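Chains, contacts and geometry: an overview
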Amino acid sequence: MLLAIAGLVLIALGGSVLAIGLGAPAPSWWLHDGRGDVLLDGSERTRWRDESWWWPVVIAALAVVVLLCLWWLVAVVRRRRVAEVLVDTRDGEGAVLRGRALEHALAEEANGLDGVAQAHVLLTGGRGSPRTRILLTLEPHVDPGAALHALTTGPLTHARDSTGLATLPTEARLHAAKHHPQRVT
């Protein structure tokens, strides 16, 4: 949302500068008022050059901008995958299960369900409260409701019971597998 607002402000400012440069009348409060006027003239560009604080401030500001951009890039690219799941062993200790192992077990059991062509599982959330995202590719003849019921009563129930979790929130996406056309002779 913030990125969209910043983009709209920059487009509006750039469009107004372009319109004034092409001859549109400038408002009375606008910084530059003529077609031949430049955004930064020679005196504005060199005004702070001899000050001792100028270059450290410019470098620090640019470094902050670069760090914010890198932080944003990492936040966008980083997967929110659970590395470990806390398992309640009911003895007061507890154990840790690798998230990939649970994903693999869920996917293997879901692949074994009747009518499931392929299953992909992703664990998200936190160590103590994981969430699952499951993508099921179903054979063309399978009823999606029956496949979803089989998924919730089978693999998801087994995973919840084996990890000792009270709940295992799941987002399931069902897609039909493409099938080849049948030829009639």
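Residues numbered from 1 in each chain as written. Predicted model: local features only at pLDDT ≥ 70, side-chain atom pairs only at ≥ 80, totals over all residues. Heavy atoms only, no water.

On to the layout of surface pockets. By volume, the largest pocket is sized at about 230 Å³. Every residue along the wall of the largest pocket is listed here: Leu2, Leu3, Ala6, Val65, Leu68, Cys69, Trp71 and Trp72. The residue makeup of the lining of the largest pocket, split by class, is eight nonpolar, no polar and no charged. (1 Å grid on protein atoms, 1.4 Å probe; cavity = no way out; pocket = protein on both sides within 12 Å on 5 of 7 lines; lining within 4 Å. Points joined across faces, edges and corners; volume = space filled by probe spheres on them. Nonpolar A, V, L, I, M, F, W, Y, C, P; charged D, E, K, R; others polar.)

Okay, the sheet that holds strand β5 (residues 170-176) next. Strand order in the open sheet formed by three strands is β3-β4-β5, and the pairing between neighbours is mixed. In this open sheet, the two edge strands, each paired with only one partner strand, are β3 (116-125) and β5. On average, adjacent strands in this sheet sit at an angle of 15 degrees to one another, irrespective of strand direction. Here strand β4 (residues 130-138) runs beside β5; their pairing, made up of seven bridges, is parallel. Looking at β5, one finds that leucine 135 is bridged to arginine 173. Packing of helix α4 (residues 99-111) onto the sheet brings it into contact with β3 and β4, and relative to β3 it is tilted by some 155 degrees. (Pairing = 2+ DSSP bridges. Helix = DSSP H or I, 4+ residues; strand = E, 2+ residues; numbered from the N terminus. Axes fitted to C-alpha atoms, helices over the stretch in contact; angles between N-to-C directions. Contact = heavy atoms within 4.5 Å.)

Turning our eyes to something else, we now look at the packing of α4 against helix α6 (residues 155-163). Between α4 and α6, the shortest axis-to-axis distance is 9 Å and the interhelical angle comes to 150 degrees. On the basis of the axis angle, α4 is roughly antiparallel to α6. For α4 against α6, the interelement crossing comes out right-handed. Where α4 approaches α6, its residues Leu102, Leu106, Glu109 and Ala110 are matched on the opposing element by Pro155, Leu156, His158, Ala159 and Thr163. The residue makeup of the contact of α4 with α6, split by class, is six nonpolar, two polar and one charged. (Parallel < 35°, antiparallel > 145°, perpendicular 65-115°, else oblique. Left-handed = near helix turned anticlockwise from the far one by under 90°.)

We now examine the pattern of salt bridges. Under the counting rule described, the total for this entry stands at two salt bridges. For arginine 127, the salt bridge is made with glutamate 84, and the minimal N-O distance between the two is 3.6 Å. Of this pair, arginine 127 sits in the loop between β3 and β4 while glutamate 84 is found in strand β1 (residues 84-87), placing the two residues 43 residues apart along the sequence. The exposure class assigned to glutamate 84 is partly exposed, which follows from its relative accessible area of 32%. (Salt bridge = Lys/Arg side-chain N within 4 Å of Asp/Glu carboxyl O. Buried < 20%, exposed > 50% of the residue type's maximum accessible area, 1.4 Å probe, protein only.)

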